Amino acid sequence: MKRIILPMLVLGILGGCETMGVSDKEAAIEDRSAAKPAPAAAEPAPAAAATSGMSSEQPVQGQAMGDPRKDPANILSKRSVYFDFDQYVVKDEYRPLVDAHAAYLNSHRNARVAIQGNADERGSREYNLALGQKRAEAVRKALSVTGVQDAQVEAVSFGEEKPRSTGTTEADYAENRRADIVYGDE
Amino acid sequence: MRFLTHFFFRMLLTLAACVFGLQARAALEIQVTGGAASRIPVALIPFQAAPGSPAPELTGIIGQDLLRSGLISLVGTAGSQRPYEPAQIDYGVWRGKGADAIVIGQVIGQPGGRFEVRFRLMDAVRQTQLTGLSFNVGPDQWRAAAHKIADIIYEKLTGIPGVFSTRIAYVQKRGAQFELRVADADGQNWQTVVRSRESIISPAFSPDGQRMAYVSFEDRKPIIYVQSLRDGSRRTLAAFKGSNSAPAWSPDGRRLAVTLTRDAGSQIYLINADGSGVSRLIRSGAIDTEAVWSPDGQWIYFTSDRGGSPQIYRVSPGGGGVKRITFSGGYSVSPDISPDGKYLAYIRRDEGRFRVVLHELATGQERVLTDTAHDESPSFAPNGQLLLYATLVNGRGVLGTVSLDGRTRARLSEPGTDAREPVWGP
């Protein structure tokens, strides 16, 4: 990584000229600080430029035939659990979805999932990250009580950073109060 | 002139890297929308310029800096004489315009495309020089010189150190691209620290200003990195199972408070700056996040919903003495503590509007500082006299500054882009 140093200011005292007879010794002290080194404009690790390109909803081409998770008629193809405003309880209507994934994970011990929690855009980004985490955690716990192993599941949050819907209506916000189940091999 | 001969003991710190220039970039707008009742009136007389010199911009930058402070007003100079030497000043004219102080200066061309910038700050009442300095600057340094001059004027007149030569960081979204940038305190002169196709949030300068911690989503989940601002190298600070976010440096720069979810929901941990020695600060069944240290290191302030709604609390770095601080709203988040430890700034939601609130810790007295509706991320200036924050204007993210009395607000914005997550550096 190359080191970049900004040019520094060259300072001098502009003292009073003789006719004024006023000089400013004090100024000699306060002008020492000059310019601070500037940050390097750099792209750090190669990872910085990498994007996951991941989409939780897109079927992966070339998957083995008959993967039930890819079958639109199978409930395993449904991946999103929606939450009410300020709520973190998995609603009854999503029980069949969560139970189906739990059964899949229990019968495929090598399968891994990330539960990605999301929040709407209102308020603090960090607090929204914590709210998204709470939603992801609720789904993780629902899987866990059925016997899914902790090592199979990671609950993470995107907060308000990856909105599926970018509008500002209540419907848009509702779309973003969501946790997605994403398999590690997808 | 005689005085030319007895300037300088001159520090010639002209480094080889001088050729590295900052390109001219899209301008940010600064809007001062109000003012304090008693501001110090200053006549900032446009500097006399050498041909091709940047003197008009120089004076403009100094003026915007001084105005943004909220403590200084500018006396109109249009149509008046433009003295650049003390002997040329007709004090009666400037006193008549209400000026208590007068700034004069000139820019003189030097060989090699450099300029000499001289300025003097004169007491208009006593008709004496308060200070006078000369800067020898390269073509890319006139902004730095202007900020330095503004700092000197501000400190001479108010007794408070200026912050115009300090830096800020923020995240700029352009299309699908996110850039963490470090810029001058007026948002100009930015440089990219890191670029990503995924979001970046929560930048935090180390106390010495040499490193920056931030949260990046580039690897499918929030991970905290620490990056050197000197050479761009970076390390992963926290990439534990679950989410890793909200880094906050301790005042000595040796450790950070962070929010992890590895053991439970979002909880605050302490971690050494090299990523070792993780320990849990407090245990709650609720959300605890957005830690920030008091400047004396005695307290960590944070956001928690343990009382049923998000509020600001504090705890000692040993994990004891938890105390709730905010009670006035149903949603109070994103604390920052003033450098003197006397004030808490945070975001409060009132009737659907998220605004910056200043809370005096000794008395609990509060004042809403802004009149916008989507404010985020308040951050104190190093001298404690201004707050930097993000807000939305016409659906676009912009950065703003506000004085602690709420009466002087300025907007730093770049057309067509989206700025967020600002933080004021040392």
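Bear in mind the structure is a predicted one, so any value in this text is a computation, not a measurement.

Draft legend 1. Examining the overall build of chain A more closely. A tally of helices and strands in chain A yields four helices and five strands. Written out in order from the N terminus, the α and β elements of chain A read β-α-β-α-β-α-β-α-β. Expressed as a percentage of its 186 residues, the buried residues of chain A come to 39%. Put simply, of all contacts in chain A between residues at least 6 apart along the chain, 67% involve residues at least 24 apart.

Draft legend 2. Quick peek at the confidence of the model for chain B. All names here are of chain B. Across chain B, pLDDT averages 90, with 91% of residues at or above 70. pLDDT under 50 marks residues 1–27. Its contacts with residues more than four places away, or in other chains, come to 38 contacts. Among the scores for the predicted complex, ipTM is 0.90 and pTM is 0.85.

Draft legend 3. Summary view of the nonpolar core. If you look at the biggest cluster of nonpolar residues, it comprises 128 residues, and the most contacted ones within it are L58(B), I102(B), V103(B) and A257(B). Broken down by element, the residue count for this core peaks at ten residues, all from helix 3 (residues 142–158) of chain B. Taken domain by domain, this core gets at least three of its residues from each of domain 1 (29–158) and domain 2 (167–424) of chain B. Leaving out residues up to four positions away in the same chain, V103(B) has contacts with V42(B), A43(B), L44(B), I45(B), F119(B), L121(B) and I153(B). Residues L105(A), A138(A), L143(A) and V153(A) belong to the second largest nonpolar core, which totals 19 residues.

Draft legend 4. Representation of the domain arrangement of chain B within the structure. Segmentation of chain B into domains returns domain 1 (29–158) and domain 2 (167–424). Put simply, the middle of domain 1 of chain B and the middle of domain 2 of chain B, counted by C-alpha atoms, are 34 Å apart.

Draft legend 5. Representation of the packing of helix 1 (residues 55–68) of chain B against helix 3 of chain B within the structure. Residues and elements named next belong to chain B. Relative orientation of the contacting elements helix 1 and helix 3 amounts to 45 degrees, with a least axis distance of 9 Å. Considering their axes alone, helix 1 and helix 3 lie oblique with respect to each other. Like other packed secondary-structure pairs, helix 1 and helix 3 cross with a definite hand, here right-handed. Of the residues in helix 3, those in contact with E57, L58, I61, I62, D65 and L66 of helix 1 are W142, R143, A145, A146, H147, I149, A150, I153 and Y154. Of the residues assigned to the contact of helix 1 with helix 3, the class counts are eleven nonpolar, one polar and three charged.

Draft legend 6. Spatial organisation of the sheet that holds strand 23 (residues 353–360) of chain B. Residue and element names in this part refer to chain B. The strand order across the open sheet formed by four strands is 21-22-23-24, and the pairing between neighbours is antiparallel. Two strands lie at the open edges of the sheet, namely strand 21 (332–337) and strand 24 (366–368), each paired on one side alone. In this sheet, neighbouring strand axes are inclined to one another by 25 degrees on average, regardless of whether the strands run parallel or antiparallel. Taken together, the three bridges between strand 23 and strand 24 define a ladder with antiparallel strand orientation. Among the inter-strand pairings, V357 is bridged to a residue of strand 24, identified as V368.

Thresholds applied
Residues numbered from 1 in each chain as written. Chains lettered and ligands numbered in written order. Predicted model: local features only at pLDDT ≥ 70, side-chain atom pairs only at ≥ 80, totals over all residues. Helix = DSSP H or I, 4+ residues; strand = E, 2+ residues; numbered from the N terminus. Buried ≥ 20, exposed ≤ 12 C-beta atoms within 10 Å, placed from the backbone. Contact = placed C-beta atoms within 7 Å. pLDDT = per-residue confidence, 0-100. Core = buried A, V, L, I, M, F, W, Y, C linked by C-beta atoms within 7 Å. Domains from an automatic or database assignment. Axes fitted to C-alpha atoms, helices over the stretch in contact; angles between N-to-C directions. Parallel < 35°, antiparallel > 145°, perpendicular 65-115°, else oblique. Left-handed = near helix turned anticlockwise from the far one by under 90°. Nonpolar A, V, L, I, M, F, W, Y, C, P; charged D, E, K, R; others polar. Pairing = 2+ DSSP bridges.

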